[in-house]
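# An overview of the molecular structure
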Amino acid sequence: MSPQRRTALVSVAAACVLIALKLSAGIASGSLGLVSEALHSGTDLVAALLTLFAVGVAGRPADEQHQYGHGKAEHLAALFEASVLAVVSVGVAALAVARLAGRVEIHVDPRWWAFVVVGVVLVIDVARTVVSLRAARRFRSAALLSNALHFGSDFAGSLAVLAGLAAVRAGWPAGDSVAALFVGVLVLSAALRLMRRNVDVLMDRAPADAEEAARQAIGAIRPEIRLKRLRMRSAAGRHFADVVIGVSASAAVGQGHAEADAVEDAVERALPQTDVVVHVEPTEEDAVTRELAYAAAMNVRRVQEIHNINVLHVDGRTEVSLHLKLPGGTSLEDAHRVASEVEHAIEAALPGVDSVRTHLEPLTEEAEGRTPARGEVAGDAEAVARIVVERTGTQPRELRFLETEDGLLLFLSLGLDPSVPLAEAHARASEIEERVRRELGSISEIIVHTEP
């Protein structure tokens, strides 16, 4: 038998004993306070039986029909219990008012054994409240917690009954009815609190404290992990968290998976036994930042071309870097002045950017070129074809030279297996380019094109 069910079984036995004691003493002495407490304990018996059933159902593992487990069975039982408490408390309060108004006459005989019964009841109330509260905290059980609250209210009600009996014995007959009315109001307020708490769970109301703890745990991981959405609910003391995080669009799949694992670990450390599901999305903020940076830079006079705009997040700072092309004849002083204007324009357009760095490059300008005679490049063409055959096993699909002011330009097209990965095709083209440069020092620039 599980500890939760053992605790619930003890509550059932205690409720039976209390009902017998309170009801017998109440009927014998005519005390409405003791009778109302007996009814209160009757609802506790129902509650304990429901809890015994609920913790058994809630402990079942998830299945195809209940994929989130059976934890809400505890809250359904607690809600039903609270409804019964509310009805009984209204009845007790109505009877107490009727006695106070003189419509119902009942003689109360507060003998010594009635006080002994109340004393025994108080001891039992304290014991079962402590046992249930410890078990509820240990196992995070809503049903056991509701039992503990009810037992605590029973203790307060028993104290009120004791005071009422003492008042009657002291010569104030209405004291017992006042005690009964107090018990009724006490039970009703407790029932309303229980109903609200369990309705919140059944309606998947977000647990505020748990949500804040999860947000702080995720925010403390790394600045690169951006929390885009967090949805939480709870049942039977267990939390369920659906998390959406944003990572850089340039991040690899493995990096995104690692970030998701970090979020799961952080939430589970902050909230043990939490079921965490993490969805990873590329951040759109970086794309917007690049577009705004490009627009701001292009508005600067004399800027003709910008490329390789990167957005970096380092130690909580956002940095933008870009390549800025200007005419090759521009002096370094003028080029630096334009670069500074670009940096200031981007910082003004994007207040969230902490720094902007520019890389200056000469703008490729139009140049005259001619096709050299066959005899002028015959040896070079044979050497290039040999290198291509050695590396790919086939002749180049295009091999063309162009004479420019900067030197000899080579256009080379390679035919590769269509199933070859792009990374391998690029590596093969780079290797051929390097070998051609090493063997043919007369070539100033090589453009290699790969195709299936």
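Look above for the structure.
Below: a short report on this structure. (Residues numbered from 1 in each chain as written. Predicted model: local features only at pLDDT ≥ 70, side-chain atom pairs only at ≥ 80, totals over all residues. Heavy atoms only, no water.)

### Describing the environment of Arg197
So the rule is basically this: Per the convention used, a helix needs a DSSP run of H or I reaching at least four residues, while a strand needs a run of E reaching at least two, with both numbered from the N terminus.
Topologically, Arg197 is positioned in helix α6 (residues 175-202). As for Arg197 and His75, which are separated by 122 residues in sequence, their C-alpha atoms are 8.8 Å apart.

### Quick look at the nonpolar core
The cut-off we apply is this: Among buried residues, the Ala, Val, Leu, Ile, Met, Phe, Trp, Tyr and Cys ones that are joined through side-chain atoms within 4.5 Å form a nonpolar core. Working definition: with a 1.4 Å probe on protein chains only, accessible area under 20% of the residue-type maximum means buried, over 50% means exposed, and in between means partly exposed.
With 20 residues, the main nonpolar core has Val303, Ile306, Val320, Leu322, Leu324, Val342 and Ile346 as its most contacted residues. Going through the elements one at a time, α9 (285-298), β4 (305-314), β5 (317-327) and α10 (332-349) are the ones with two or more residues in this core. No other element matches α10, which puts 5 residues into this core. Counting residues in each nonpolar core, the second largest holds 19 residues, with Ala114, Val121, Leu165 and Val183 among its members.

### Describing unusual backbone geometry
Excluding glycine, residues mostly carry a negative phi; peptide bonds, for their part, are mostly trans. Of note, the phi angle at Arg302 is positive, near 80°, even though the residue is not glycine. Its identity as a non-glycine residue notwithstanding, Asn308 has a phi of 55°, on the positive side. Relative to the helices and strands, Asn308 resides in strand β4.

### Some points on the sheet that holds β4
Put simply, the rule reads: DSSP-based pairing: two strands are paired if at least 2 bridges between them are found. A fitted line through C-alpha atoms represents every axis, and for helices the fit uses only the stretch in contact; the resulting angles, taken between N-to-C directions, go from 0 to 180 degrees. Whether two residues touch is decided by their heavy atoms; if any such pair falls within 4.5 Å, the residues are in contact.
Strand order in the open sheet made by the 3 strands is β4-β5-β6, with mixed pairing throughout. Two strands close off the open sheet at either side, each with one partner strand: β4 and β6 (355-363). Strand-to-strand twist across the sheet, computed as the mean angle between neighbouring axes with direction ignored, equals 15°. Bridge analysis of β4 against β5 gives 8 bridges, and the strand direction is antiparallel. Paired with Glu305 across the bridge in β5 is Lys325. Strands β5 and β6 of the sheet are contacted by α10, whose axis makes an angle of about 140° with β6.

### A look at a nonpolar patch on the surface
In plain terms, the rule: Patch membership needs two things, relative accessible area over 30% and no salt bridge, and members are linked within 9 Å if like-charged or within 5 Å if nonpolar (Val, Leu, Ile, Met, Phe, Trp, Tyr). For accessible areas, the Shrake-Rupley method is used with a probe of radius 1.4 Å. Any residue's cover is judged against the shown protein chains and nothing else. Salt bridges are defined by distance alone: a side-chain nitrogen of Lys or Arg within 4 Å of a carboxyl oxygen of Asp or Glu.
Where nonpolar side chains cluster on the molecular surface, the patch consists of Leu100, Trp172 and Val178 and spans about 280 Å² of accessible area. Relative to the helices and strands, Trp172 is located in the loop between α5 (142-169) and α6.

Keep in mind that these numbers describe shape and distance, not what the molecule does.
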